[in-house]
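Structural features, examined
As a plain string of letters, each chain reads:
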Amino acid sequence: MTDLSSLVAKLEAATVPTRELFDEIGRAIESADSKFSLFRFHQLLGADAFLEAAIMLVPDGLPWMVRFSQPWDAHHPYFAAYVQRKENDQEDAVCRTPALALCIAALKARSKA
């Protein structure tokens, strides 16, 4: 199990994904998961493909979902994401972008793996 709580806290405070934050996440995952390709992850970040990079963070074989949720008002849309670890056990996140929401849920799932 990898403690990713400090990275989750940074993501929850973020309003937009940044290469610097995702790079920090990628390096943490690479050190804990020999199958994770930091090179491919960086290629996606270089193309501003943050959602695709977040998908790479979901542990292998686990179902996940990202959806647009109704905003509290027109100026505050948000996205909800989950990664399902087991039946009736999922990690949820709500954030301002789909990439941030999925990244948070994926890191929470990895922390409990």
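A brief structural summary.

Cut-offs applied
Residues numbered from 1 in each chain as written. Predicted model: local features only at pLDDT ≥ 70, side-chain atom pairs only at ≥ 80, totals over all residues. Heavy atoms only, no water. Buried < 20%, exposed > 50% of the residue type's maximum accessible area, 1.4 Å probe, protein only. Helix = DSSP H or I, 4+ residues; strand = E, 2+ residues; numbered from the N terminus. Arc of directions from axis to C-beta. Contact = heavy atoms within 4.5 Å. Expected span 1.5 Å × (residues − 1).

1. Focus: helix H4 (residues 50-57)
Looking only at H4, the buried set comprises Phe50, Ala53, Ala54 and Leu57. One face of H4 carries all of its buried residues, which in axial projection span an arc of 100°. Those residues of H4 hidden inside the fold are in contact with helix H2 (19-32), helix H3 (38-46) and helix H5 (98-111).

2. A short note on unusual backbone geometry
A positive phi is found at Asp48, a non-glycine position, where the angle reads about 55°. Residue position: Asp48 is located in the loop between H3 and H4. Although it is not a glycine, Asn88 adopts a positive phi angle of roughly 65°. With respect to the element layout, Asn88 can be found in the loop between strand E2 (78-86) and strand E3 (89-95). Look at Asn88 and you get exposed, because its relative accessible area is 77%.

3. Brief notes about H5
Here H5 is 14 residues long and its end C-alpha atoms lie 20 Å apart, about the 20 Å a rise of 1.5 Å per residue gives. With 12 of its 14 residues buried, H5 lies for the most part within the structure. Those residues of H5 that fall on the buried side of the exposure criterion are Ala99, Leu100, Ala101, Leu102, Cys103, Ile104, Ala105, Ala106, Leu107, Ala109, Arg110 and Ser111. Residues of H5 that are buried make contact with helix H1 (5-13), H2, H4, strand E1 (64-69), E2 and E3.

4. Notes on the side chain of Glu91
Within the secondary structure layout, Glu91 lies in strand E3. By relative accessible area, Glu91 is classed as buried at 7%. Setting aside anything within four residues of it in sequence, one finds Glu91 in contact with Ala81, Tyr82, Val83, Arg85, Ala105, Lys108, Ala109 and Lys112.

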